[in-house]
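Structural overview
Chain by chain, the residues run as shown.
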Amino acid sequence: MKNIIGAKPGPGAAEVRFLTVDEESAGQRLDNFLFRQLKGVPKTHVYRIIRSGEVRINKGRAQAETRLSEGDVLRVPPVRVAARSEEGASPAAPPREFPVLHEDDALIAINKPAGVAVHGGSGVSFGVIEQLRRARPAARFLELVHRLDRETSGILLVAKKRSALTALQDQFRDRETGKTYLALVDGDWPANKKVLDAPLAKYLLPGSTGGSEAGERRVRVVAKDHPDAMRAVTLVKVLARFNLAADAVPVSLLAVTIKTGRTHQIRVHLASAGHAIVGDDKYGNFEHNRALQKIGLKRMFLHAWRLQFNHPASHERMALQADLPTELSALVSPEALDVLAAHPSNSS
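Computed from a predicted model, the values in this text were never measured in an experiment.

**Considerations on the pattern of salt bridges**
- Taken as a whole and judged by the stated rule, the model has 17 salt bridges.
- Residue aspartate 149 pairs with arginine 267 through a salt bridge whose shortest N-O separation is 3.0 Å. Of this pair, aspartate 149 sits in the loop between β6 (143–144) and β7 (153–159) while arginine 267 sits in helix α5 (residues 265–272); the two residues are 118 residues apart in sequence, bridging distant segments of the chain.
- What makes aspartate 149 partly exposed here is its relative accessible area of 22%.
- Among the ionic contacts, a cluster of salt bridges with common partners joins Asp149, Glu151, Arg267, Asp280, Asp281 and Lys282.

**As for the side chain of arginine 162**
- Structurally, arginine 162 is set in helix α4 (residues 162–173).
- Despite its burial, arginine 162 remains without a salt bridge, the nearest opposite charge being carried by glutamate 143 at 4.9 Å.

**Brief notes about helix α2 (residues 43–51)**
- Of all the positions in α2, only His45, Val46, Ile49 and Ile50 are classed as buried. Axial view of α2: buried residues confined to an arc of 140°, hence all on one face. The exposed residues of α2 that point more than 90 degrees off its buried face are Lys43 and Arg51.
- Structurally, α2 contributes buried residues whose contacts are with α1 (30–37).
- Glycine 53 sits one or two positions beyond α2 and adopts a positive phi of about 85°.

**Digging into the packing of aromatic side chains**
- By the definition in use, this model includes 1 aromatic pair.
- The ring of tyrosine 203 carries the charged tip of arginine 220 above its face, separated from the ring centre by 4.3 Å.

**Details of the confidence of the model for the chain**
- Per-residue confidence for the chain gives a mean pLDDT of 88, with 89% of residues at or over 70.
- The low-confidence segment residues 1–13 (pLDDT under 50) makes 26 contacts with residues lying over four places distant or belonging to another chain.
- Here residues 83–88 scores under 50 on pLDDT; set against residues more than four positions off or in separate chains, the count is 8 contacts.

**What to know about the sheet that holds strand β1 (residues 17–20)**
- Taken in spatial order, the 3 strands of this open sheet run β1-β3-β2, and their pairing is antiparallel. Looking at strand neighbours, the two that pair on one side only are β1 and β2 (56–57), the edges of this open sheet.
- Judged from the 2 bridges that link them, β2 and strand β3 (residues 73–76) form a sheet pairing that is antiparallel. Paired with arginine 56 across the two strands is arginine 75, which belongs to β3.
- Of the strands in this sheet, β1, β2 and β3 touch α1, which is tilted by about 60° from β3.

**Looking at the environment of glutamine 28**
- Summarising the element assignment, glutamine 28 is placed in the loop between β1 and α1.
- For glutamine 28 and glutamate 65, which are 37 residues apart along the polypeptide, the C-alpha to C-alpha distance reads 8.8 Å.

**Regarding the pairing of strand β5 (residues 107–112)**
- Burial of β5 is extensive: 6 of the 6 residues sit out of reach of the surface.
- Residues Leu107, Ala109 and Asn111 line one face of β5 and the alternating positions Ile108, Ile110 and Lys112 line the opposite face, and both faces are buried.
- Both strand β4 (residues 100–103) and β5 contribute to a ladder of 3 bridges, which runs antiparallel. Bridging across to β5, glutamate 103 finds its partner in isoleucine 108.
- Bridge count between β5 and β7: 6 bridges; the pairing is antiparallel. Each bridged residue has a counterpart across the sheet, and for leucine 107 the counterpart in β7 is alanine 159.

Reading guide: rules and limits
- Residues numbered from 1 in each chain as written.
- Predicted model: local features only at pLDDT ≥ 70, side-chain atom pairs only at ≥ 80, totals over all residues.
- Heavy atoms only, no water.
- Salt bridge = Lys/Arg side-chain N within 4 Å of Asp/Glu carboxyl O.
- Helix = DSSP H or I, 4+ residues; strand = E, 2+ residues; numbered from the N terminus.
- Buried < 20%, exposed > 50% of the residue type's maximum accessible area, 1.4 Å probe, protein only.
- Lys, Arg positive; Asp, Glu negative; His and termini not counted.
- Arc of directions from axis to C-beta.
- Contact = heavy atoms within 4.5 Å.
- Phe/Tyr/Trp six-rings, centres within 6.5 Å; stacked < 30°, edge-to-face > 60°.
- Lys NZ or Arg CZ within 6 Å of the ring centre and 35° of its normal.
- pLDDT = per-residue confidence, 0-100.
- Pairing = 2+ DSSP bridges.
- Axes fitted to C-alpha atoms, helices over the stretch in contact; angles between N-to-C directions.

Here it is as structure tokens:
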């Protein structure tokens, strides 16, 4: 037992384990596989036992980024499942289920609420995927297919099999999916402004004075010859124009379809066109946002409304829809809601 990581052996200690990689875990990185197998063990300890050679694949040493193959046999040394107060550990994610739009043996489509990150990281201890795993301890495999900004609500896909994850991510990468969002923006969006084809690049805001860490990540429109330019294409259709209650600034409700999936793409494209999403605390009109908070808009008005994709097993074309959450639909004019209800699902 002398190879136990952490402290002296206790009730949480385990013996050497030999794990055989199954079909669903094939292709996964060694470190990610171990994070799932050794829940409660700090990541720093997992990396330590990999570096020290105590974790073996088919009796040989391996790196954290080594990809596993079906049938591989892993030797996992005894490790203590540390208490969450141990240095470097994150608080346990509370189990949580989310509204389900569709579920079968291959995938789950949930309606993600605004304000919830899709995964832990960047100052967030846990997100949708960690909470869902805790709520479904018997699930052998749950992985995010794609991502949504923390402030964005709407359709989010989670794969229940590795084969489904790979097939769906291939569709997202090859632009075979149809992703349409609802966005409410400042001003009258010009009806003839239907295509936004402007490259984007990431950058970091300055860090705190005297601090060694960089600031928050941001995205901006750049020239095509910019060294970090990534092509981004957004299609826009005006659904309605109206005024929010007691607010003099007109707003436009847009159906926004993205042909590329860049970070903050919709937010930056719309803001760069002079019509920022209302409630956007990064790229929006901050003065107008403060006024809208007084009439009930407490979040960014961006919602992943519709998603089309081919089912990874049956190959049937799926068309999912997540209606506007109450906090957003309550602000929209009755006429605009009628337009949404009448808008055909096969037209983005």
